[in-house]
Amino acid sequence: MKLLKEAMYQIHRTNPEKKEKLTPKVENIGAFQKLPMVMPSIDILQSALRKAKRIAPTKGIANAAKRERNKGAKQLDALMKELAVPLRTYKENFPNKKYLHPYERSLIELTLGDGNYEEALGKLEALRKKVNSVGKEHASLCAKSLSKREAEERLNEGLKRIEEIFYQDGKAVDQLLNIAKTLRAMPVVDLETPTLCLVGAPNVGKSSLVRVLSTGKPEICNYPFTTRGILMGHINLSYQNFQVTDTPGILRRCDEDRNNLEKLTLAVLTHLPTAVLYVHDLSGECGMSPSDQFVIYKEMRERYSSHIWLDVVSKCDLLQAYPVIFATDDCNVDNFELVRYRKMGPDGALNVSVKNEIGLHELKKKVYELLASQSERIKNQKNKEAELEVSS
């Protein structure tokens, strides 16, 4: 026993790649773009039926009954394989959610619903097993037929039964097809490219700033949650390429009550190395009081304190001499920081107006400095990881 343990230890030392195979590697960002193309279930079935029916009996069988038994068993076996192979391929090439990057794992849960991805793959595997089981059963019955007529009947019964199963349960394939389309449409983020994330309450002007700063073209309307997902664009400043992402607005409420759009924003901030451009609207036009924005801002600032940060007060052309007070606001509040925020926003905030082109030049300059700092941070982190790999 001792010699066996020593031998296993030596194999482990001399074959480190074997250890790596035992532990699945966590994917980098970009797994969704590697998803296989999924054919509609009806196309898979029709193609499989055409190929199976072209299968001829083995040459040289003189007895008619034996020849029909042979042909029927071969056609049923071929149909079973033509259906099972693509199902197995899809199952193997759709990644296990457990080994995805945390950001992409969050996207799956928030866009498809928790558990729906795994359920779809489970239904696909169940269909494959059912097709295999029924195909083998009917091929065996066909091979045991006592006459040519019985073999023909067994073949037709088997073809009909497998076809019924695929018509009935093939929606699992179509569900996977739609999942693949949804996931492929998700924006790809390069973890080594500095990323600017625009954050704030709904309708505060984030999307307008994305248009000014980047190649992204978000929809701009005056109602909450205009941004219905994550939108990626690119900024080219001083011959350097950066990423910019527009995110859905955050409301004043606890995490348990947040909708999936808000959770998408939190997923970006939690799982991606981003610099933050936080947008405030003190004009009252966005529909959320400055007081509520202040509460959200303080929470986000504290939660993501490690992020590089820039504050922007948008729509500054609409600001008045006196701060906007909503009916729900407490006018007699003695919080000096809140009183100041209502009028000017956070300390150091940059005032901009896309409509009147106020402060945009300075904004681009500040954004470049922000992203340059983010670039340096990413580079330092990469160097630290490389040093740890060498030392280990």
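Located above this text is the structure these notes cover.
Every value quoted in this text rests on a predicted model; they were computed, and no experiment measured them.

(A) Broad picture of the pattern of salt bridges. Applying the stated criterion to the full structure yields 27 salt bridges. Arg-154 is the salt-bridge partner of Glu-157, the closest N and O atoms lying 4.0 Å from each other. A residue pair is termed a helical-turn pair when its members lie 3 or 4 positions apart in one helix, as Glu-157 and Arg-154 do in helix H7 (residues 148–169) at 3 residues. On the accessibility criterion, Glu-157 (41% relative accessible area) is partly exposed. Between Asp-281 and Lys-315 there is a salt bridge; the shortest N-O distance is 2.9 Å. Placement of Asp-281 in the loop between strand S4 (274–280) and helix H11 (290–303) and of Lys-315 in the loop between strand S5 (309–313) and helix H12 (336–344) is noted, with a sequence separation of 34 residues between them. Accessibility assignment for this pair places Asp-281 and Lys-315 in one class, buried. Within this structure, Arg-253, Asp-255, Arg-258, Glu-262, Glu-299 and Arg-303 form a network of salt bridges that share partners.

(B) Region of interest: the packing of aromatic side chains. Applying the stated criterion across every chain yields a total of 6 aromatic pairs. Each ring, one from Tyr-278 and one from Tyr-297, has its centre 5.1 Å from the other, and the planes form 65°; the classification is edge-to-face. Placement of Tyr-278 in strand S4 and of Tyr-297 in helix H11 is noted, with a sequence separation of 19 residues between them. Each member of the pair Tyr-278 and Tyr-297 is classed as buried. Geometrically, the ring pair formed by Phe-294 and Tyr-341 is tilted, given 5.2 Å between the ring centres and 55° between the ring planes. In this pair, Phe-294 sits in helix H11 while Tyr-341 sits in helix H12, placing the two residues 47 residues apart along the sequence. Ring pairs connect the aromatic residues Tyr-278, Phe-294, Tyr-297, Trp-309 and Tyr-341, which therefore count as one cluster.

Reading guide: rules and limits
Residues numbered from 1 in each chain as written. Predicted model: local features only at pLDDT ≥ 70, side-chain atom pairs only at ≥ 80, totals over all residues. Heavy atoms only, no water. Salt bridge = Lys/Arg side-chain N within 4 Å of Asp/Glu carboxyl O. Helix = DSSP H or I, 4+ residues; strand = E, 2+ residues; numbered from the N terminus. Buried < 20%, exposed > 50% of the residue type's maximum accessible area, 1.4 Å probe, protein only. Phe/Tyr/Trp six-rings, centres within 6.5 Å; stacked < 30°, edge-to-face > 60°.

Geometric values such as these leave the question of function open.
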